[in-house]
Amino acid sequence: MSDRLRAFYGQAIAVLLALAIGAVIIVLVDESPVKVFMTLLRGAFGDQTKIAGTLLQTTPILICGVAACVGLRGGMFNVGIEGQLFLGGFAAALVGFALPLPPGLHMIVALIVAVLAGAAWVSIPAYFRTRYNTNEVVSTILSNYVAVLLTSYFTIFLFKRPGGWSETPPILPSAYLPELFSFSRLNWGLVVGLVLAVVVAWLFRHTARGYSASMVGSAPKFAEYGGIDVKRQGFIVLLASGAIGGLAGGVETLGVHHRFMEGFAPGFGFDGLIAALLANGSPIGTIFTALFFGALRSGSLLLEVDTNASREIITVIQALIILSVSAQVLMKRRGDSTAGERRWKF
Amino acid sequence: MSNAFSTTTADRPAENAVELVGITKRFGAFTANENVNLTVRRGEIHAIIGENGAGKTTLMNILFGLLQPDEGKIRIDGQDVVFGDPAAAISAGLGMVHQHFKLVPSLSVAENIFLGMEIVNNGLIDHAAQIEKTRELSERVGLKVDPTERVSLVSVGIEQRIEILKVLVRGARTIILDEPTAVLTPQESRELFQTLRRFVADGMTVIFISHHLEEVMEVSDTVTVLRNGKHVATRPTAELTKADLVRMMVGRDVSFDRRPREATHGKVVLDVRNLWARDERRLPALRDVSFTVRAGEIVGIAGVAGNGQTELAEVLAGLRPASHGEAFLNGRDLTRLSPAAIRKTGFAHVPGDRMIRGVDGGASISSNLLMGRQYRAPWSRGGLLDWKATDRDAEAMIKRFDIRARGPHDTVKRLSGGNIQKVVLAREFTNDADFLLIDQPTRGVDIGAQEAIHSEIMSQRAAGRAVLVISVQLDELLTLADRILVLFNGHLMGEVDGNEADDETIGMMMAGLQPGEKERELVS
């Protein structure tokens, strides 16, 4: 328990440090950090529409974050969630406009196809990882570019809606994810994300498979020695992570845009990964870190209206968070390595 | 030594090289050192012994500036000092040779020795000067090394010499050695002791931590015994016997005589035939090894660390490919199976490298004991884990194996080394496997626990299991094994009956000689 508490403090300090450096940068561009942060807060939580807007931004970050958690806990660094999100989003749209089905069922089939598309997309790097021990970080990063361009190609050359925009035809209303409130596009996707986070946390803690997967993640040599098929486990973990990445795309398509378009959900996959890292791979923790990043995104909409700071300041703050979280990971490793040396002395 | 108790006068250097007065160190509610006093006279070899968790390492870490005491004083050469970090301790003339060497394998011997204090000429490292100085020092103190050799190519014994030279180059007058002989042959140990005696004859002081009581008896002038973080006694070694030391360490009598046993004639469980394997450098590490282990039999593998034992254990466990040969367990060839499949043939394994292979240090005791059973009742049903049953099971194991922990949720890496080993043993010994591969059963485990572990191994034998024990501690094999096989340079040098084995014969075979060859050939 004290370990977990210490991890929490560590991450909190990382965020505060990032915000502090962000404040310095804001001062350097001749703006008041207090004003900027207050505007961010107001933009994110000022009234019920704004809160709903924040939650709308949170949803894909959360689902992508859970996808990243599955990978991290299972010892696989899936940096390809962005690509799986694009594939899943496109696949859901395809089912949504091209395959008429009864309401409800239509939505579910579209989501399932999105999940399969995400899993299929990650199966390529997963295969190379398992078969040839190719570093999955590199191959999943590269697969992002292919995914984004591939879906653009599909959209523009094969399924373009007649008219000027690079987007598919709109999906049929029978495939919509229902909205939660009348005043916002916020939809059941958020509920899907929350339930998913809880379920994934439960799976890791309470099932034999989850135990095996998390052992491969935390102590691969121990897992191998203990009789777990490490390669197979890694493949499954990547596949599951990619499937959830695909689901994130499906939810975004069916809940928000109701079509697929070029650049339809930029950066959610990466934000999700950062949210998961900041939460130390805990799906429940990711709920809160995803909300934090969702609030930053949504709050920044007001930033250029009310202050002289650019929206990009939130990108800077995110980058600073990544830096301080990684610095912390490195420091922890160093601490652990000396602990390792001492462990052997009696 | 006759003037050992005379008083210090102002014009003579202080009598005591190191004095620790009333040292207390707490970690939360746990007191690692409680009011410990240690006085080390100049020019003596001072051994510090005690069980795991007795506070030896904490005390040495405090002396070397790695930890700060909560109470107490440190005096070096009669001067009060406060060491904020090891650098301060080094500049006060202390040097520490750690149990696990900290050398850079890709650099040469001389580069390692001068690492961090390179001899610089016009902004460039003066390699010639470093090599020259290394050679000069190595000859002066009688620790032969080749200054230009890469460290990755030298033996463990040489690595230790390099570590000692490193400490000397930094001007140490008092050297602390942590378990220095754990990795050495009996012959190498003897050479080390000669070196240490030369050091003290030159007026230096040696503090050394050890588990091997024979060594303590052989080499030390004075012994300090710690138990449960407290100072038990400091006595001249000459006044003590081994039994006295054990009694002071453990607080009771412990015996390491050969375990009595009934002869057994079980069926062959493990059958290793013409096994070859390579090490990380792709060099042959196991050469044509063949042997069998029968049910109800303990076979010991003796040898100096690094003569193929690790490779043998890993090949059998499926963690390293065999380049040739077979190893049948219950009729199935282990060299063709994955680690997971090998487990299913009835294979239990206590790995030599317990922190990496044996446990997930960051996880709880329960979680570590669950490994390998997560798909079986009562630990799980229908794929769902029953953590309550797992915790209950863990509590029973903690009791049975006397694991010193607060409970099943304690994080494993917070336990002492001996207790971590007990977690591994608890898991592997309760798996009902036909064959147990036990690599270094009591490495770093205290004497009381060693006895308990030996009893557990004997009861596995009595239960009809086939047991293969790999150990660098010869006395352990003499206590346990029905037959002892000696590995040297990947070859099996031969087999000795456990009832007739003696140090001398096996020691020769460990050095690569057949018994009967003459002693003088050892020198060449």
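Above this text is the structure in question.
A brief look at the structure comes next. (Residues numbered from 1 in each chain as written. Chains lettered and ligands numbered in written order. Predicted model: local features only at pLDDT ≥ 70, side-chain atom pairs only at ≥ 80, totals over all residues.)

With that settled, the discussion passes to the overall build of chain A. A count of helices and strands for chain A gives 13 helices and zero strands. Shown N-terminal to C-terminal, the secondary structure of chain A runs as helices and strands in the order α-α-α-α-α-α-α-α-α-α-α-α-α. Over its C-alpha trace chain A gives a radius of gyration of 21 Å, about what one expects of a compact globule, namely 20 Å for 346 residues. Along the three orthogonal principal directions, the C-alpha set of chain A runs to about 75 × 55 × 30 Å. When the 346 residues of chain A are sorted by exposure, 51% land in the buried category. Considering only contacts within chain A whose residues lie at least 6 apart along the sequence, 78% involve residues at least 24 apart. (Helix = DSSP H or I, 4+ residues; strand = E, 2+ residues; numbered from the N terminus. Rg over C-alpha atoms; globule rule 2.2 N^0.38 Å. Buried ≥ 20, exposed ≤ 12 C-beta atoms within 10 Å, placed from the backbone. Contact = placed C-beta atoms within 7 Å.)

This part is about the overall build of chain B. In terms of helices and strands, chain B carries 18 helices and 24 strands. The C-alpha radius of gyration computed for chain B amounts to 24 Å, which stays within 12% of the reference 24 Å derived for 524 residues, consistent with globular compactness. The principal-axis extents of the C-alpha atoms in chain B amount to approximately 75 × 55 × 50 Å. Taken across its 524 residues, chain B has 47% of its residues classed as buried. Long-range pairs, those at least 24 residues apart, make up 66% of the contacts in chain B with a sequence separation of at least 6.

Here the focus is helix α13 (residues 387–400) of chain B. Residues and elements named next belong to chain B. Its 14 residues give α13 an end-to-end C-alpha distance of 20 Å, which sits within 8% of 20 Å, the value for a rise of 1.5 Å per residue. If you check which residues of α13 are buried, you get T390, D393, A394, M397 and I398. The buried residues of α13 occupy one face: seen down the axis, they fall within an arc of 145°. Opposite the packed face of α13, turned more than 90 degrees from it, sit the exposed residues K388 and K399. For α13, the secondary structure elements touched by its buried residues are α12 (365–370), β20 (384–385) and α14 (417–429). Positive phi appears at D402, one or two residues downstream of α13, with a value of about 55°. (Expected span 1.5 Å × (residues − 1). Arc of directions from axis to C-beta.)

Residue and element names in this part refer to chain A. Of all 11 residues that make up helix α11 (residues 268–278), 10 are buried, and the element is covered over most of its length. The set of residues buried in α11 consists of F268, G269, D271, G272, L273, I274, A275, A276, L277 and L278. The positive-phi residue at the C-terminal boundary of α11 is N280, with phi of around 55°.

Moving on, we get to the environment of A:H258. All names here are of chain A. Along the chain, H258 falls in the loop between α10 (230–257) and α11. According to the C-beta neighbour criterion, H258 is partly exposed, with 19 such atoms within 10 Å. Distance from H258 to A119, taken between C-alpha atoms, is 22 Å for residues 139 residues apart in sequence. Ignoring sequence-local partners within four residues, the contact set of H258 consists of P170, I171 and Y176.

If you look at the biggest cluster of nonpolar residues, it comprises 178 residues, and the most contacted ones within it are A:I63, A:V66, A:I244, B:F435, B:L468, B:V469 and B:V486. In terms of residue count, α10(A) provides more of this core than any other element does, 13 residues in total. In terms of nonpolar packing, the next biggest core, distinct from the first, is built from 59 residues, B:L20, B:I48, B:F114 and B:I131 among them. (Core = buried A, V, L, I, M, F, W, Y, C linked by C-beta atoms within 7 Å.)

Turning to the sheet that holds strand β16 (residues 324–329) of chain B, a few remarks are in order. Residue and element names in this part refer to chain B. Across the sheet, which stays open at both edges, the four strands sit in the order β14-β13-β16-β17 with antiparallel pairing between neighbours. Bordering the open sheet on either side are β14 (284–294) and β17 (332–333), each of which pairs with just one other strand. For strand β13 (residues 268–278) and β14, the ladder comprises seven bridges, and the chain directions are antiparallel. Opposite L270, over in β14, you have V293 as the bridge partner. Packing of helix α9 (residues 309–317) onto the sheet brings it into contact with β13, β14 and β16, and relative to β14 it is tilted by some 65°. (Pairing = 2+ DSSP bridges. Axes fitted to C-alpha atoms, helices over the stretch in contact; angles between N-to-C directions.)

This part covers the pairing of strand β21 (residues 435–439) of chain B. All names here are of chain B. In terms of residue burial, β21 counts as a mostly covered element, since five of its five residues are buried. Burial of β21 is two-sided: the residues F435, L437 and D439 facing one way and the residues L436 and I438 facing the other way are all buried. Note that β21 and strand β22 (residues 466–470) share five bridges and pair parallel. When the sheet's bridge partners are listed, D439 is paired in β22 with I470. Handedness of the crossover joining β21 and β22 through helix α15 (residues 447–462): right-handed. (Right-handed = clockwise from strand over helix to strand, strands pointing away.)

Glancing now at the packing of α11(A) against helix α12 (residues 283–306) of chain A. Residue and element names in this part refer to chain A. Axis separation between α11 and α12 bottoms out at 8 Å; the angle between their running directions is 130°. As far as their axial angle goes, α12 and α11 are oblique. In the crossing of α11 with α12, the sense of the turn from one axis to the other is right-handed. Note on element contacts: α12 touches α11 through T286, T289, A290 and F293, opposite D271, I274, A275, A276 and L278. Residues belonging to the contact of α11 with α12 are distributed by class as follows: six nonpolar, two polar and one charged. (Parallel < 35°, antiparallel > 145°, perpendicular 65-115°, else oblique. Left-handed = near helix turned anticlockwise from the far one by under 90°. Nonpolar A, V, L, I, M, F, W, Y, C, P; charged D, E, K, R; others polar.)

This next bit is on the sheet that holds strand β2 (residues 30–41) of chain B. Residue and element names in this part refer to chain B. Spatially, the four strands line up as an open sheet ordered β2-β1-β4-β5, and their pairing is antiparallel. Looking at the sheet topology across the chains shown, the edges are occupied by β2 and β5 (79–81). Pairs of neighbouring strands in the sheet enclose a mean axial angle of 25°, with direction left out of account. As judged from the five bridges shared by strand β1 (residues 16–27) and strand β4 (residues 71–76), these two strands associate in the antiparallel manner. Opposite T24, over in β4, you have E71 as the bridge partner. Helix α1 (residues 56–63) contacts β1, β2 and β4 of the sheet and is inclined by roughly 115° relative to β1.

So, on to the environment of A:A240. Residues and elements named next belong to chain A. In this structure, A240 sits in helix α10. We classify A240 as buried; it has 24 C-beta atoms within 10 Å. Considering only alpha carbons, one finds A240 and F181, 59 residues apart in sequence, at a separation of 31 Å.

With that settled, the discussion passes to the interface of chain B and chain A. Between chain B and chain A, the contact holds 37 residues from the first and 24 residues from the second. Counting only elements with at least two residues in the side of chain B that touches chain A, the list comes to α1, α10 (339–344), α11 (354–358) and β20 of chain B. Ranked by residue count, the leading element in the side of chain B that touches chain A is α11(B), at four residues. A class-by-class count of the residues in the side of chain B that touches chain A yields 14 nonpolar, 17 polar and six charged.

These results come straight from atomic positions and should not be treated as a statement about function.
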